[in-house]
Structure formats: C-alpha cells, structure tokens
Amino acid sequence: MRNLVLTRNDKLCFSIEELPTCEGNVKPKEAEKRNVGFVCYRMNDPESKHLLINASKRVLTELESLDRDFTEIVEVAKRC
C-alpha cells in the first residue's frame, strides 16, 4: 500500500489515501479503477519535496485529513 504521486503542471499531487500496489517492478495481474482524491503542492514548496521522499518509505497518513484539490479515476492493483 502506497500513496500515488502525480505531476500536474508545476505541482506534485499525492493521493490522500493509500492504494494497493505491487512490490518492485511486478505488474498487476488484475487491476480496478478507483475514484481517488489528491492534494497538491507546488514543486518548489519544501513540503512537496519532504512528502515525495516520505512517500517512497511509508504511507502518508497525514494527508487523510486534508481537503482534496481534485479527484481522478486511476487504475490500482487488485491482484499481483
């Protein structure tokens, strides 16, 4: 489980919820579409760099209480 990170224009956007992922370079054998909320920070904002580093190490639970900037349908792993 990880937060999804997207780039939008001059911003880094992080999913506000953890999403199922496959470890390493393993591709999902089955996937599903899910409506996911994202919160965004400017790329030059120190907080975005801090979150990006932490997103590779742990689930960003601190984002769960934030208001979403946008919602997008994304494909997430259902079975690896």
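The structure we're discussing is the one just above.
These remarks concern the structure in this document. (Residues numbered from 1 in each chain as written. Predicted model: local features only at pLDDT ≥ 70, side-chain atom pairs only at ≥ 80, totals over all residues. Heavy atoms only, no water.)

## Some details on the pattern of salt bridges
- Counted under the stated rule, the structure contains seven salt bridges.
- Two residues, Arg42 and Asp10, come together in a salt bridge whose shortest N-O distance is 3.1 Å. With Arg42 in strand E3 (residues 30-42) and Asp10 in the loop between strand E1 (5-8) and strand E2 (11-15), this residue pair connects regions lying 32 residues apart in the sequence.
- Among the residues examined, Arg42 registers a relative accessible area of 48% and is labelled partly exposed.
- Residues Arg58 and Glu62 are paired through a salt bridge, measuring 2.9 Å at the closest nitrogen-oxygen approach. (Salt bridge = Lys/Arg side-chain N within 4 Å of Asp/Glu carboxyl O. Helix = DSSP H or I, 4+ residues; strand = E, 2+ residues; numbered from the N terminus. Buried < 20%, exposed > 50% of the residue type's maximum accessible area, 1.4 Å probe, protein only.)

## Examining the state of the cysteines
- Scanning all chains against the criterion turns up two disulfides.
- Disulfide pairing is shown between Cys13 and Cys40; the S-S distance is 2.1 Å. Residues Cys13 and Cys40 are joined through a disulfide that is right-handed, its torsion about the S-S bond being 105°. Of this pair, Cys13 sits in strand E2 while Cys40 is found in strand E3, placing the two residues 27 residues apart along the sequence. (Disulfide = S-S within 2.5 Å.)

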